[in-house]
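Each chain, written out:
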Amino acid sequence: MSLAPDKHKAKNADFPTFDNILQAAERIRKVAKHTDLELNLNFSERYEANIYFKREDLQVVRSYKIRGAYNKMASLSAEALEKGVVCASAGNHAQGVAYACNKMQVRGTIFMPSTTPAQKVKQVKLFGKNQIEVVLHGDTYDDAYHAAKHFCEAHAATFIHPFDDVQVMEGQGTVGLEIFRDADFKIDYLLFAIGGGGLASGVTTVFKQLSPATKLIGVEPVGSPTMHTAIKEGHVVTLDNIDKFVDGAAVKRAGEHTFEVCRKNLDDILLIPEGKVCSTILQLYNEEAIVVEPAGALTVAALDQIKDEIKGKDVVLLIGGGNNDITRTEEIKERSLLYEGLKHYFIIRFPQRSGAFKEFLNHVLGPNDDIAHFEYSKKTARERGPALVGIELRNKEDFEPLLARMKEHNIQFEYINNKPDLFEFLI
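Given the structure is predicted, the values throughout are model-derived calculations rather than measurements.

So, on to the pairing of strand β7 (residues 189-193). Judged by how many residues are buried, β7 sits mostly within the fold: five of five residues are covered. Burial along β7 is two-sided: Tyr 189, Leu 191 and Ala 193 and Leu 190 and Phe 192, pointing in opposite directions, are all buried. Alignment of β7 against strand β8 (residues 215-221), held across five bridges, turns out to be parallel. Opposite Leu 191, over in β8, you have Ile 217 as the bridge partner. In this view, the connection linking β7 to its parallel neighbour β8 by way of helix α9 (residues 198-210) has right-handed handedness.

Take a look at the structure:
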């Protein structure tokens, strides 16, 4: 991606400063953990580079969000804190604000969509204890956000924005400060996920000051290219539709202030398919025993796109969070298999006679192929009956031979992986 200059630069935009990030580091020192910077041997060998993980999944709230939330709240006056704070979030920001409320003994009201999984609501209450109240409102984040803003106006409370706030950006920037201080080497590349841009704004402010030669690369999911689109267009835009799977980085609109910082500081933005993110989540769990959420896997998933240019380099990947809901495991596995070309769905019209399915198993299905999904209802007064069949392969190279055998045996089928509307409806 070529980072174009903006066409409509905002006036008097609030920018984080290096000096304020130093102050933020002192504020959060006893609340946020100084997380590890680890050399990962497996990924270093795989990419012929020195690959380091900055493990923000090891925070007490399992993400970096506590940094920005606490720094913002610690910057407020006693009078403002007395009136309480408010946020809208269904994820890590809510947990960060809740934990900060508990630590500072400040009343907090946290608005979450009614559709938020019970596990996430429970976690927010666990971190906030008796200092916070969770209000479930509406079906979407936007519904919860507007309700939170109305609540702030009615109660003169302070809204804690998840990213588009200078103190929040400066709190997140303390991650970059730790990375620089812990690295006893010259950092050639630094990768971090981008949602609204708060983390990217803070971290890049540090590195532009302390290590201007480091290549600063943001990573977004393909289904939510919010900052990528804004920089390409030269101004903040609202995306009509986004894929919300990578929930920690899926926002429809970047921040006005974060856009200005990212436009100025970023060297590149990489877009990563959601299926690749899923494969990376499973890889990190199986090979490294690291549990990451989808947004936490973005930077690792991006390595394949830059593998040639990072050979022999020192590369730091920010692992942003580890709040992965176990109930999503099946969806993660499914998305991974589809992305890797190992799972394929067909509508197959079988002859309605005895032995038809057995012939398919014996003559069409390969020795390493497995039927992972099958739905069939016999239709009366018809020669053929449609079945929805999901076939899982051991190797993606087995797909073309499977299609060839289906044609050779005159199997009537329709392939639906490449038909998103039909796929979403049926699967």
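Next comes the rest of the write-up.
Before going further, it helps to spend a moment on the sheet that holds strand β6 (residues 158-159). If you trace the four strands from one edge of the open sheet to the other, you get β5-β4-β3-β6, paired in parallel fashion. Edge strands, defined here as strands with exactly one partner in the open sheet, are β5 (132-136) and β6. Both strand β3 (residues 85-88) and strand β4 (residues 108-112) contribute to a ladder of four bridges, which runs parallel. Across the sheet, residue Val 86 finds its bridge partner in β4, namely Thr 109. Contacts from helix α6 (residues 118-128) reach β4 and β5, with the element oriented near 160 degrees to β5.

The next subject is the sheet that holds strand β1 (residues 37-39). Read from one edge to the other, the open sheet built from six strands follows the order β1-β2-β10-β7-β8-β9, with strand pairing classed as mixed. The sheet terminates laterally at β1 and β9 (268-272), the two strands that pair on one side only. Within the sheet, the average angular offset between the axes of one strand and its neighbour, ignoring direction, is 25 degrees.

Okay, the environment of Val 389 next. Mapped onto the fold, Val 389 is located in strand β13 (residues 384-392). Linking Val 389 and Glu 375, residues 14 residues apart in sequence, is a C-alpha distance of 6.6 Å. Those residues in contact with Val 389 that lie beyond four places of it in its chain are His 344, Tyr 345, Phe 346, Ile 348, Phe 350, Ile 371, His 373 and Phe 374.

This part is about the confidence of the model for the protein. Residues at a pLDDT of 70 or more form 96% of the protein, whose mean pLDDT is 93. The low-confidence segment residues 1-13, where pLDDT is below 50, has 27 contacts with residues more than four positions distant or belonging to other chains.

Right, let's talk about unusual backbone geometry for a bit. One non-glycine residue, Glu 48, lies in positive phi territory at about 50 degrees. Located in the positive-phi region is Lys 129, a residue other than glycine, with phi close to 50 degrees. Along the chain, Lys 129 falls in the loop between α6 and β5.

Ranked by internal contacts, the top residues of the largest apolar core, which has 34 residues, are Ile 51, Phe 53 and Leu 191. Listed by contribution, the elements that provide at least two residues to this core are α2 (41-47), β2 (50-55), β7, β8, β9, α12 (274-288), α13 (294-301) and β10 (314-319). Ranked by residue count, the leading element in this core is α13, at five residues. When residues no more than four places from it in sequence are discounted, the contact partners of Phe 53 are Asp 36, Leu 37, Glu 38, Asn 40, Phe 43, Leu 284, Ile 290, Val 300, Leu 317 and Ile 319.

Parameters and conventions
Residue indices follow the written sequence of each chain, beginning from 1 at its first position. Local features in this predicted model are restricted to residues whose pLDDT is 70 or higher, and side-chain atom pairs enter the listing and the counts only when it is 80 or higher, whereas totals over whole chains, interfaces and linings include all residues. Each side-chain value is worked out from all heavy atoms of the structure, with water and hydrogens disregarded. Residue burial is assigned from relative accessible area. The probe radius is 1.4 Å, only protein chains are included, and a residue is buried under 20% of its type maximum, exposed over 50%, and partly exposed in between. Each helix corresponds to a stretch of at least 4 residues labelled H or I by DSSP, and each strand to a stretch of at least 2 residues labelled E; elements are numbered beginning at the N terminus. Between any two strands, at least two bridges found by DSSP are needed for them to pair. The definition of a right-handed crossover adopted here requires that, viewed with the strands pointing away, the path from the first strand over the helix to the second runs clockwise. Only heavy atoms enter the contact rule, under which two residues are in contact if any of them lie within 4.5 Å. The axes are straight lines fitted to the C-alpha atoms, using for helices just the contacting stretch, and the angles between their N-to-C directions are given from 0 to 180°. You can read pLDDT as the predictor saying how much it trusts each residue, on a scale of 0 to 100. The criterion is simple. A nonpolar core is a set of buried Ala, Val, Leu, Ile, Met, Phe, Trp, Tyr and Cys residues joined through side-chain atoms within 4.5 Å.

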